[in-house]
Amino acid sequence: MDRELNPLTWKRRHLLTWAGLVILGGAVGFGYGWVVSPFSHVQHGDAQLMFIAWLHYPQAYWPYMAAGAITLGLAYYAADLLTGAR
């Protein structure tokens, strides 16, 4: 059994890179969720107030954050497996 398939046996730098990319993916998903949200399409209103109002509806941005985090995490996992960069 190849112990390198298990992320819990990876070296510290790979775990930190993986965690950082998952957080980055979540942040990108959060930003994308704001861009596609109807709250962001204010004409002459206060965008900061609308952003705070948007934060009260996690169902509007949570799926985008999760999709971004999962996608980037799996992409790093796949790249690490395919290249064998351990």
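Residues numbered from 1 in each chain as written. Predicted model: local features only at pLDDT ≥ 70, side-chain atom pairs only at ≥ 80, totals over all residues. Heavy atoms only, no water.

K.L.:
Now, about a nonpolar patch on the surface: what can you tell me, with residues and values included?
P.N.:
On the surface, a cluster of nonpolar side chains totalling about 360 Å² of accessible area is made up of Tyr32, Val35, Val36 and Tyr64. The biggest single contributor to the nonpolar patch is helix α1 (residues 12–36), with 3 residues. If you trace the backbone, valine 36 turns up in helix α1. (Patch = residues over 30% accessible without salt bridge, like charges linked within 9 Å, V, L, I, M, F, W, Y side chains within 5 Å. Areas by Shrake-Rupley, 256 points an atom, 1.4 Å probe, with all protein chains shown as cover. Salt bridge = Lys/Arg side-chain N within 4 Å of Asp/Glu carboxyl O. Helix = DSSP H or I, 4+ residues; strand = E, 2+ residues; numbered from the N terminus.)

K.L.:
Explain the environment of asparagine 6 residue by residue, including any values.
P.N.:
Note that asparagine 6 resides in the segment before α1. By relative accessible area, asparagine 6 is classed as partly exposed at 34%. Between the alpha carbons of asparagine 6 and tyrosine 77 there is a distance of 10.0 Å; along the sequence they are 71 residues apart. (Buried < 20%, exposed > 50% of the residue type's maximum accessible area, 1.4 Å probe, protein only.)

K.L.:
Break down the packing of aromatic side chains for me, with residues and values.
P.N.:
Across all of its chains, the model carries 10 aromatic pairs by this definition. Taking 5.6 Å as the distance between ring centres and 70° as the angle between the ring planes, the aromatic pair formed by tyrosine 32 and tyrosine 64 counts as edge-to-face. Residue tyrosine 32 is located in helix α1, and its partner tyrosine 64 is located in helix α3 (residues 62–83); the two are separated by 32 residues in the primary sequence. With centroids separated by 5.2 Å and ring planes inclined at 80°, the aromatic side chains of tryptophan 34 and phenylalanine 51 adopt a geometry described as edge-to-face. A residue pair is termed long-range when its members are at least 10 positions apart, and tryptophan 34 in helix α1 and phenylalanine 51 in helix α2 (residues 47–54) qualify at 17 residues. Classification of tryptophan 34 as buried rests on a relative accessible area of 19%. Overall, phenylalanine 51 belongs to the partly exposed group, its relative accessible area being 26%. (Phe/Tyr/Trp six-rings, centres within 6.5 Å; stacked < 30°, edge-to-face > 60°.)

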